[in-house]
Amino acid sequence: IDGLMLGADPAEGVVRGSRFLHPDLGVTVEFPRGWQIANTPAAVVAIAADGRARFALEYAGKGADPQPFARAEVGARLAQMRALIDSAEPQQTPCCKSFAVRGRLVTPQGELAGQLTWIALGGHVYRLSAVARSMELEKYSGRASRMVRSLRAPTPEERASVTVDRLRLARAI
């Protein structure tokens, strides 16, 4: 057991307060304060305290242009789900090129609205999603915009702050 890692593996990224930091991929993003954040193998998901909105960060793949990733998903998955696309356009975030798609989806539980934003950073493309019931989306749109604008490369200090705690055996005297 000597050298056994204690706690979460930083190679999977870490959550610090409302910020997610992945030093190996070179990405960090800020979720709204007070939201429940879960780091899973598929996505980092944040749920509003009232449970009425879901934001997420997912890895889309290697690349420098987010538009092909967005177009492929809009053409395949969103079309299959019969999503109604309100807008699809390139954007520029403070750090990177991005492509945002806004739309709605009718489900048995009611109409959902949201925004999917693909962002290219450091040779990788990430997908940020913000989803809420259609009638409540405006309540969360400012927070969704702040989340998208917060995605960036971590500073050297942030990267260095991610450490691994390991168990060390000691001889009792």
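If you're wondering where the values come from, they're calculated on a predicted model, not measured in any experiment. (Residues numbered from 1 in each chain as written. Predicted model: local features only at pLDDT ≥ 70, side-chain atom pairs only at ≥ 80, totals over all residues. Heavy atoms only, no water.)

### Examining the state of the cysteines
Using the criterion set out here, one finds one disulfide in the structure. Disulfide pairing places Cys 95 opposite Cys 96 at an S-S distance of 2.1 Å. On the S-S bond that ties Cys 95 to Cys 96, the torsion sits near -100 degrees, and the link is left-handed. Exposure remark for Cys 95: the relative accessible area of 32% places this residue in the partly exposed category. Given a relative accessible area of 5%, Cys 96 falls into the buried group. (Disulfide = S-S within 2.5 Å. Buried < 20%, exposed > 50% of the residue type's maximum accessible area, 1.4 Å probe, protein only.)

### What to know about the confidence of the model for the protein chain
Averaged over the protein chain, the pLDDT score is 88; the fraction of residues at 70 or greater is 92%. Ranking the helices and strands of the protein chain by mean pLDDT puts strand β6 (residues 44–47) first, with 97, and strand β1 (residues 5–6) last, with 60. (pLDDT = per-residue confidence, 0-100. Helix = DSSP H or I, 4+ residues; strand = E, 2+ residues; numbered from the N terminus.)

### Looking at helix α2 (residues 137–150)
Over its 14 residues, α2 extends 19 Å from the first C-alpha to the last, a length consistent with the 20 Å expected when each residue adds 1.5 Å. Elements that come into contact with the buried residues of α2 comprise β3 (19–22), β4 (27–30), β7 (53–62), β10 (110–121) and β11 (124–133). (Expected span 1.5 Å × (residues − 1). Contact = heavy atoms within 4.5 Å.)

### Structural notes on the layout of surface pockets
The rolling of a water-molecule-sized probe over the atoms marks out the regions of remaining empty space. The volume enclosed by the second largest pocket comes to roughly 210 Å³. What lines the second largest pocket is a set of 16 residues, and nearest its centre among them are Phe 20, His 22, Leu 25, Pro 41 and Val 44. When contributions to the lining of the second largest pocket are tallied by element, the ones reaching two or more residues are β3 and β7. Looking at the lining of the second largest pocket, the element that brings in the most residues is β7, giving three residues. Taken together, the residues that form the lining of the second largest pocket break down as 11 nonpolar, three polar and two charged. (1 Å grid on protein atoms, 1.4 Å probe; cavity = no way out; pocket = protein on both sides within 12 Å on 5 of 7 lines; lining within 4 Å. Points joined across faces, edges and corners; volume = space filled by probe spheres on them. Nonpolar A, V, L, I, M, F, W, Y, C, P; charged D, E, K, R; others polar.)

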